[in-house]
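Below, each chain spelled out in residue letters.
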Amino acid sequence: QVQLVESGGGLVQAGGSLRLSCAASGGAFSLYTMAWHRQAPGKQRDQVALITGTGNTNYADSVKGRFTISRDNAKNTVYLQMNSLKPEDTAVYYCNVRSTIFREDYWGQGTQVTVSS
């Protein structure tokens, strides 16, 4: 059974930093795309960043230059380094691991990030 466990969320002041982690278990995910999404109250869930199995990355315009996604395949873990945080970054952040080839799509339970002004 695949499980994704996120950690690293919390409360931080504007301009501060947080590092989210998502550890995947129950499989081998080196070929999977790993991504972070977020959902603010009353808004839809949006993808923030992704990293492919070959290490290519993509970011939402709102976080470019501030967030960095990385992965450690040996640990089946994806990270999101968030710098220069803004109040509008406040949301529940979700880890997502997926493969179109294997037709699999997994989600974590979410971790709250709150940025105070």
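Refer to the structure above for everything that follows.
Residues numbered from 1 in each chain as written. Predicted model: local features only at pLDDT ≥ 70, side-chain atom pairs only at ≥ 80, totals over all residues. Heavy atoms only, no water.

Describing unusual backbone geometry
Item 1. A positive phi angle, near 55°, is found at Asn76, a position not held by glycine.
Item 2. Within the secondary structure layout, Asn76 lies in the loop between strand 7 (67-72) and strand 8 (77-82).
Item 3. Phi at Arg103 takes a positive value of approximately 55°, unusual for a residue other than glycine.
Item 4. Within the element layout of this structure, Arg103 appears in the loop between strand 9 (91-99) and strand 10 (104-107).
Item 5. Look at Arg103 and you get exposed, because its relative accessible area is 78%. (Helix = DSSP H or I, 4+ residues; strand = E, 2+ residues; numbered from the N terminus. Buried < 20%, exposed > 50% of the residue type's maximum accessible area, 1.4 Å probe, protein only.)

Structural notes on the state of the cysteines
Item 1. Evaluated as defined, the whole model comprises 1 disulfide.
Item 2. Here Cys22 engages in a disulfide with Cys95; their sulfurs sit 2.1 Å apart. On the sign convention where negative means left-handed, the S-S torsion of about -80° between Cys22 and Cys95 marks this disulfide as left-handed. With Cys22 in strand 3 (residues 18-25) and Cys95 in strand 9, the pair connects residues that are 73 residues apart, well separated along the chain. Comparing Cys22 with Cys95 shows no difference in burial state: the two are buried. (Disulfide = S-S within 2.5 Å.)

Focus: the sheet that holds strand 3
Item 1. Taking strand neighbours across the sheet as the criterion, the 4 strands line up as 1-3-8-7 in an open arrangement whose pairing is antiparallel. Pairing within the sheet leaves two strands with one partner each, and these edge strands are strand 1 (3-7) and strand 7. Taking each pair of neighbouring strands and ignoring which way they run, the sheet shows an average axis angle of 15°.
Item 2. As paired strands, strand 7 and strand 8 are joined by 6 bridges and run antiparallel to one another. Its bridge partner being in strand 8, Ser70 is matched across the sheet by Tyr79. (Pairing = 2+ DSSP bridges. Axes fitted to C-alpha atoms, helices over the stretch in contact; angles between N-to-C directions.)

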